[in-house]
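Now for the letters of each chain:
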Amino acid sequence: MAAVLAKPGAFRLLGKCTCSLSRSFAVSSEHSKLFTGSQLDHFNSHGFVRSGSDFLSKEERQDVIRWVSELQDWPETKGKWMKYYEQSESERVLCRVENFLPYHNSARELVRGKITDAISELMGEDAILYKEKVNFKLPKAKGFPPHQDAPAYITFGMDYHITCMIAADPATRDNGCLEVVPWSRHQGVLPHPGGSLPDDRVAEWNRNGSWIPVLCNAGDVVFFSSLIPHRSQDNRSTDQSRSIYYLTFNPLRDGDRRDGYYSDKRLRFPPDIEKVPGKDYSEGAAIYNVSTPIKATV
């Protein structure tokens, strides 16, 4: 995974990806053992686990921090990477960029290899990339309400995913770090009335102090399952971004779904630059914009 195709401080934009991107991330049957037994036990019982501090090299940590600035500066472009925005009181604020790996060689090479191997080890079977995004959460940006990821994936006929989270900025309580409630796979999917977890269940967790803040330094890596309840608060800071990569994988036995996912999302809930003014995207938003602050209309 240490192989980088672009020179330090540079990247190459590709006009078009000519192969199935996610298929290139399918792990081989001979992948490395990257977790201790206690880490695997923690993931299976709690639904999340931190990697060791040496999971990313010093150079790779520097890369993921630099790439976020590059992705933030990429212009909105039809038919390529997908930039989504939220609306603050006075301006449109970048919330997320998706589908960027076909256009960023170095980031693609970082994901290939031990990240894919790590997901496969946690799954106990071979894994394949399903989707990728960076959530920026710029100063004063809104948080994400309590939810599980699994209900959105069930729509596509799959019941389990694991996400690799890479912090490109420090994640603190003040800038809205991820918060999770330990949840093992056998506890399953909860109801999501209105797209979020039930108020009474959330209130119970609040009373019991069940929420665990996932505090991170830049370059830290955390893995969590699609079943774990999670949320984040608003970024209350005036000068701290909380940018995080989320790389989500499905079991290889469920097939290569990445291209189909982004084709359907681009059609049903496109980025602003591709939306038709006045068109109703509420049906697509009900699938692709659940529990986010992203605005649904242009």
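Conventions we followed
- Along each chain, the written sequence defines residue order, and numbers are assigned to residues from 1.
- The predicted nature of this model means local features are confined to residues of pLDDT at least 70 and side-chain atom pairs, given and counted, to a pLDDT of 80 or more, with totals for whole chains, interfaces and linings taken over all residues.
- Excluded from the side-chain calculations are hydrogens and water; all other atoms, namely the structure's heavy atoms, are used.
- Counted as salt bridges are all cases of a side-chain nitrogen of Lys or Arg within 4 Å of a carboxyl oxygen of Asp or Glu.
- Only protein chains enter the accessibility calculation, which uses a 1.4 Å probe. A residue is then buried if its area is under 20% of the maximum for its type, exposed if over 50%, and partly exposed in between.
- If DSSP finds at least two bridges between two strands, the strands pair.
- Secondary structure elements follow DSSP: runs of H or I no shorter than four residues count as helices, runs of E no shorter than two count as strands, and numbering proceeds from the N terminus.
- A fitted line through C-alpha atoms represents every axis, and for helices the fit uses only the stretch in contact; the resulting angles, taken between N-to-C directions, go from 0 to 180 degrees.
- Throughout, a contact is declared for two residues whenever any of their heavy atoms are within 4.5 Å.
- Aromatic pairing here means that ring centres of Phe, Tyr or Trp (its six-membered ring) are within 6.5 Å. Orientation follows from the plane angle: under 30 degrees is stacked, over 60 is edge-to-face, and everything else is tilted.
- Criterion for a charge above a ring: Arg CZ or Lys NZ at most 6 Å from the ring centre, at most 35 degrees from the ring normal.
- Put plainly, a pocket is an open set of points on a 1 Å grid over the protein atoms alone with protein on both sides within 12 Å along at least five of seven lines, a cavity is a set where a 1.4 Å probe fits but cannot get out, and a lining residue has an atom within 4 Å of a point.
- Grid points are joined across faces, edges and corners, and a volume is the space filled by probe spheres set on the points.
- Residues were grouped as follows: Ala, Val, Leu, Ile, Met, Phe, Trp, Tyr, Cys and Pro as nonpolar; Asp, Glu, Lys and Arg as charged; and all remaining residues, including Gly, as polar.

Q: I keep staring at the pattern of salt bridges and nothing clicks. Help me out?
A: Side-chain pairs of opposite charge can arise whenever the charged atoms involved come near each other. Considering all chains together, one arrives at 19 salt bridges under this definition. Here E98 ties to R96 by a salt bridge, and the two come within 3.7 Å at their closest N and O atoms. Each member of the pair, E98 as well as R96, carries the same accessibility label: buried. The closest approach of N and O atoms between R266 and E274, which form a salt bridge, is 2.5 Å. When salt bridges with common partners are traced through the structure, they connect E76, R92, D272 and K275 into a single cluster.

Q: Looking at this structure, I do not really get the sheet that holds strand β5 (residues 144-147). What am I missing?
A: Neighbouring strands of a sheet are bound in pairs by backbone hydrogen bonds; such pairs are parallel or else antiparallel. A sheet is described by the order of its strands in space; here four strands give the open sequence β5-β10-β7-β8, paired in antiparallel fashion. The sheet terminates laterally at β5 and β8 (212-213), the two strands that pair on one side only.

Q: So what exactly am I meant to see when it comes to the sheet that holds strand β11 (residues 244-251) here?
A: The strand order across the open sheet built from seven strands is β1-β9-β6-β11-β4-β3-β2, with neighbouring strands paired in antiparallel fashion. Taken across any chain shown, the strands that pair with only one partner, and hence form the sheet edges, are β1 (48-50) and β2 (82-87). Strand after strand, the sheet turns through a mean of 20 degrees between neighbouring axes, direction not considered. Across five bridges, the pairing between strand β6 (residues 162-167) and strand β9 (residues 221-225) is antiparallel. Bridging across to β9, M165 finds its partner in V222. Across the sheet, helix α2 (residues 58-73) touches β2, β3 (92-98), β4 (127-135), β6 and β11, and the angle it forms with β11 is around 95 degrees. Set on the sheet, helix α7 (residues 258-268) makes contact with β2, β3 and β4; between it and β4 the angle comes to about 40 degrees.

Q: What is the right way to read the environment of F43 from this model?
A: Here F43 shows up in helix α1 (residues 37-46). Along the chain, F43 and F224 lie 181 residues apart, while their C-alpha atoms are 7.6 Å from each other. When residues no more than four places from it in sequence are discounted, the contact partners of F43 are F48, V49, L122, Y160, I162, F223, F224 and S225.

Q: Can you walk me through the packing of aromatic side chains in this structure?
A: Here a ring pair, both rings aromatic, is described through the centre-centre distance and the interplanar angle of the planes. Counting across every chain of the model gives 15 aromatic pairs. Both rings, one in W183 and one in W205, keep their centres 6.0 Å apart while their planes meet at 75 degrees; by these two values the pair is edge-to-face. With W183 in the loop between β7 (178-180) and α6 (199-208) and W205 in helix α6, this residue pair connects regions lying 22 residues apart in the sequence. In this pair, the class of W183 matches that of W205, namely buried. Here a set of aromatic residues connected by ring pairs shows up, and it is made of Y130, Y153, F156, Y261, Y262 and Y288. Note that K265 overlies the ring of Y84, its terminal NZ or CZ placed 4.9 Å from the centroid. Above the plane of the ring of F269 lies K275, whose end atom (NZ or CZ) is 4.6 Å from the centre.

Q: Help me understand empty space enclosed by the protein in this model?
A: Empty space left among the atoms is revealed by rolling a probe the size of a water molecule over them. This model, assessed by the stated rule, comprises two cavities of 30 Å³ or more. The space that makes up the largest cavity amounts to roughly 50 Å³. Looking at the largest cavity, the residues that line it are V64, W67, F100, L101, A107, L110, V111, I115, I166, Y245 and L247. Going through the elements one at a time, α2, α3 (105-111) and β11 are the ones with two or more residues in the lining of the largest cavity. At three residues, the largest contribution of residues to the lining of the largest cavity is made by α3. Considered class by class, the residues forming the lining of the largest cavity number 11 nonpolar, no polar and no charged. Within this model, the second largest cavity holds a volume of roughly 30 Å³.

Q: Mind showing me how you'd approach the pairing of β2 here?
A: Looking down a regular strand, the side chains alternate between one sheet face and the other. Of all six residues in β2, five are buried; the element is thus mostly enclosed. Where β2 lies against β3, six bridges are found, and the strand directions are antiparallel. Across the sheet, residue M82 finds its bridge partner in β3, namely E98. Counting the residues between successive antiparallel strands, the hairpin from β2 to β3 contains four residues.

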